[in-house]
Amino acid sequence: MQDDAGVDKRLTTEEAEQLMHRVMWRQAHLSLRIAAVFIVILIAIPLVNLFAPTIAGKSVLGFTLSWLVLGVLFYPVTWALSAYFVKRSNALEAEISKEPLK
Amino acid sequence: MTFIPFALVVLIIIATVALGIYGTRKAKTASDFFVAGRSVGVLMNASAISGEYLSAASFMGIAGLVMKNGYDALWYPVGYAAGYLFLLLFIAGPLRRFGAYTIPDFAQGRFDSPLFRKIAVIFVLCIGFFYTMPQMKAAGLTMGTILGWPYWAGIAVVGSVITFNVAIGGMKGITIVQAFQYWAKVFAISLPVFILMSVFGGYSQHMGTAFEYQKAVPRLDGGEVITVNGAEKAPLNAISLSAAEPTVLHFDKDHTYRIAKITPARKPEPGEDKITPESFARTTKANDSLNSDIASGKAFDIPSGATIRISPVVVTKDHVAVVKDGKIVTTGAKIEFEKGGPVTFMRAGARLRLPAAEGTAKSGPIVPNAPANGKWLNPFGPLAGKWGFPLLYTYSLIIALVCGTAGLPHILVRFYTNPDGRAAKRTTLWVMVMLGGFYLFTPMWGVLGRALMPQLYVTGAFDSAVIKLPTLLENQTLGQILSGVTSAGAFAAFMSTFSGLLVSMSGAFAHDIYGKILKPNASPESRLVAFKIAAVCVGAVSMLLGLMVETFDIATMVGWAFAIGAASYFPLLLLGSWWRGLTKYGAAVGMLIGGFLSLGTIVCSMLLDKKVLTWELPNLVRALMEQPAIWAVPLSILLMVVVSKMTAKSIPPDVTMKMIRLHAPEEMGISENYIEA
């Protein structure tokens, strides 16, 4: 474990705090936006199944629509969301690193 | 011919051990031993994480659960995969930047509290043991299926081999082994299913048939002999027979059978007339003493060679038939065996050859215990609807799986093998692609199992579908080879997961309990010895636990491990990474209460299922006990927030620096590894 007392020698405590909020908030904003999309999907699927069984039970390519969504299409959606996140998150971090510390 | 699967299983074991030895040559230092030197490439690491993550639950369990429960079981693979997205969004980056070996390291580093390390270690062990139980079941079941070994023997042999391998190797070399095993598993789950589908009909064809004949139930072949379970396998010793047509059961001459009770399969509603056992069951040849035994309502022996006809009964209220949706309601009988044995299942009056019934490939009696196509195919079927609160059950399951992924000790430790946080994120992305690619195949096995091997509904041996299905091929050699391929895949699955868990759990003992708590000055050599001793002990306990869970579904058990992780580690990691106000007291209280309450209710539900406990509980309570995440995760988070607010004075003074270290990109030159590699 290293000595943390001096935080980073280049920053005062107040500046460090500002930096923390700045960095964290931007990361959280990105993560929350994507999580919101995903959570809406997760909440919506059972609700559609319950309240719109005729839509969920429609036959598509031999499957019911709900089976096709959950058993097949769901995975590519997770890939797209995570690929988008990784791209944006890396861009965001490059941006943060370029900014002056204070 | 049955030597083929065994040969392939031996082959994968040898490949695993050999790769392990090859990897060992490259690893020298303690850091190599615990986190593989922190410098593994993205694709390699993603394969390794996926390889470790795809356990017996993914390989055998999901297929079985989809076969048994249909649509609702699809949430399991979806949740396993979706959990990774949450891990990626909120936890992977910060955790890697913080740079500690284990979750207990994170716990101690974040709160400067050695006490907290001990609490965190408890959950490594709780979750770990819960996760090893289904792996052990898979080992016993696979060996039993391919070689006919008794359940315990498979567990003892396979468990010992893996334990020995881990004890001599540690985690070093495991990255390459796990990566290899991922590709072995993908191959083993995909190739055989394509061949099977080309012979027996494709995914959408079977789904389409189920859709078209929603009322149909799978049928057995006429006169099929199935060995029913006795009381030692409760609750799998019950068969619920058709409510639509009679079934005739013939009992073998050379065996003794005993029936514990005969009750209606459908749960009676208040006010309905009681249905007696003799209204369901009658002997076909006059046998007054057997008929009066049936009527007595007590347990009775079945004389050898007897034949009993089980008929559905009309449900009545005040002696008037109950009508629902314009149809008379009937119920079949549920027979609980005390002593089981081979039983011949026949369709009543089936001397004539009957054509295959609509919507099923076979013409025999309706298979016991199977839900009708419509119930199986559509949401809120037998799994979610079990306790009458399907929406609640579904959401609770989703929460457990999605949040629980972040709480698996053996998975998180792998993030530290990435060179930096950026690589950790790219790794997670690839893991999701690899997992999704694998999970697309698992429901296909369940669908094929339902269409082709309905006899598994009788004995509840759904988890063996993946191994047994290929043997249906007419070309026996090909069938045995493909069954060998899936057996080898199953081996890869439980070997990789069990090894990973053993490393985490033994690491917790050696690194956290021995190295940090018992003997802080221990030399690296003595820590390695502690690791090895711990591995052997943990392996032995896992095997013992595995012996007790033969009757539980593999995927369900893994779901429970997730639920415990979701209520303990997930809130700790989420709040610990994102909320500076979290204190050690808050985190500890939330983790302990959330985690132990989930653990407690899950263990109680298991005991209730096994009828060890006989509490009468309302269905809502049973649903919440079986799937605790929906209340336990919010409770844990709430406790963390409230207690942290109350103990705000104990926020570590350098918390700002810690948060910066968790979040600042590496390029800023602020984050440093908590333990320098």
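In this text the structure is predicted, and so the values were computed from the model without any measurement. Along each chain, residues carry numbers from 1 onward, in the same order as the chain's sequence is written. Just so you know, chain letters begin at A and ligand numbers begin at 1, following the order they were written in. Whole-chain, interface and lining totals are the exception, using all residues; otherwise, since this is a predicted model, local features are given only for residues with pLDDT of at least 70 and side-chain atom pairs are given and counted only at 80 or more.

**Observations concerning the interface of chain B and chain A**
Line of reasoning, step 1. Contacts between chain B and chain A engage 47 residues on the former and 48 residues on the latter.
Line of reasoning, step 2. By definition, any uninterrupted DSSP run of H or I lasting at least four residues is a helix, any uninterrupted run of E lasting at least two residues is a strand, and each is numbered from the N terminus. Elements with a minimum of two residues in the side of chain B that touches chain A: helix H5 (75-98), helix H10 (203-212), helix H14 (390-404), helix H16 (421-439) and helix H26 (655-663) of chain B.
Line of reasoning, step 3. Taken together, the residues of the side of chain B that touches chain A sort by class into 32 nonpolar, nine polar and six charged. Remark: residues whose backbone-derived C-beta atoms lie within 7 Å of one another are considered to be in contact. Classification used: nonpolar for Ala, Val, Leu, Ile, Met, Phe, Trp, Tyr, Cys and Pro, charged for Asp, Glu, Lys and Arg, polar for all others including Gly.

**Looking at the sheet that holds strand E3 (residues 247-251) of chain B**
All names here are of chain B.
Line of reasoning, step 1. The strand order across the open sheet formed by five strands is E1-E15-E3-E7-E5, and the pairing between neighbours is antiparallel. In this open sheet, the two strands that pair with only one neighbour each are strand E1 (224-228) and strand E5 (281-283). Neighbour-to-neighbour, the strand axes of this sheet turn through a mean angle of 30°, independent of strand direction. Two strands form a pair only when DSSP identifies at least two bridges running between them. Helix axes use the C-alpha atoms of the stretch in contact, all axes being lines fitted to C-alpha atoms, and the angles between their N-to-C directions lie in the range 0 to 180 degrees.

**A word on the confidence of the model for chain A**
Line of reasoning, step 1. The predictor's confidence in any single residue is recorded as pLDDT, a number from 0 to 100. Mean pLDDT for chain A: 85, with 87% of residues reaching 70 or above.
Line of reasoning, step 2. Note that residues 1-7 of chain A has pLDDT below 50 and, in this model, nine contacts with residues that lie over four places away or in other chains.

**Notes on the domain arrangement of chain B**
Residues and elements named next belong to chain B.
Line of reasoning, step 1. Boundary definitions for the domains trace back to an automatic or database domain assignment. Taken domain by domain, chain B consists of domain 1 (3-17 + 40-198 + 381-668) and domain 2 (224-369).
Line of reasoning, step 2. Inter-centroid distance (C-alpha atoms) of domain 1 to domain 2 is 39 Å.
Line of reasoning, step 3. Each side of the interface is counted separately: domain 1 has 12 residues, and domain 2 has 14 residues.
Line of reasoning, step 4. Counting residues per element, the side of domain 1 that touches domain 2 draws most heavily on helix H18 (residues 456-459), which supplies three residues.
Line of reasoning, step 5. Here the side of domain 1 that touches domain 2 is built from residues that sort into four nonpolar, four polar and four charged.

**A word on the packing of helix H7 (residues 114-147) of chain B against helix H21 (residues 524-547) of chain B**
All names here are of chain B.
Line of reasoning, step 1. Packing of H7 against H21 leaves a shortest axis separation of 8 Å and a crossing angle of 65°. When the axes of H7 and H21 are compared, the pair comes out roughly perpendicular. Of the two elements, H7 crosses H21, and the hand of that crossing is right-handed. Contacts between H7 and H21 pair Phe129, Thr132, Met133, Met136, Lys137 and Gly140 from the former with Val541, Ser542, Met543, Leu545 and Gly546 from the latter.
Line of reasoning, step 2. For the contact of H7 with H21, the per-class residue count stands at six nonpolar, four polar and one charged. Orientation is classified from the angle alone, with under 35 degrees giving roughly parallel, over 145 giving roughly antiparallel, 65 to 115 giving roughly perpendicular, and any other angle giving oblique. By the definition used in this description, the sense in which the near helix is turned from the far one sets the handedness, with an anticlockwise turn below a right angle giving left-handed and a clockwise turn giving right-handed.

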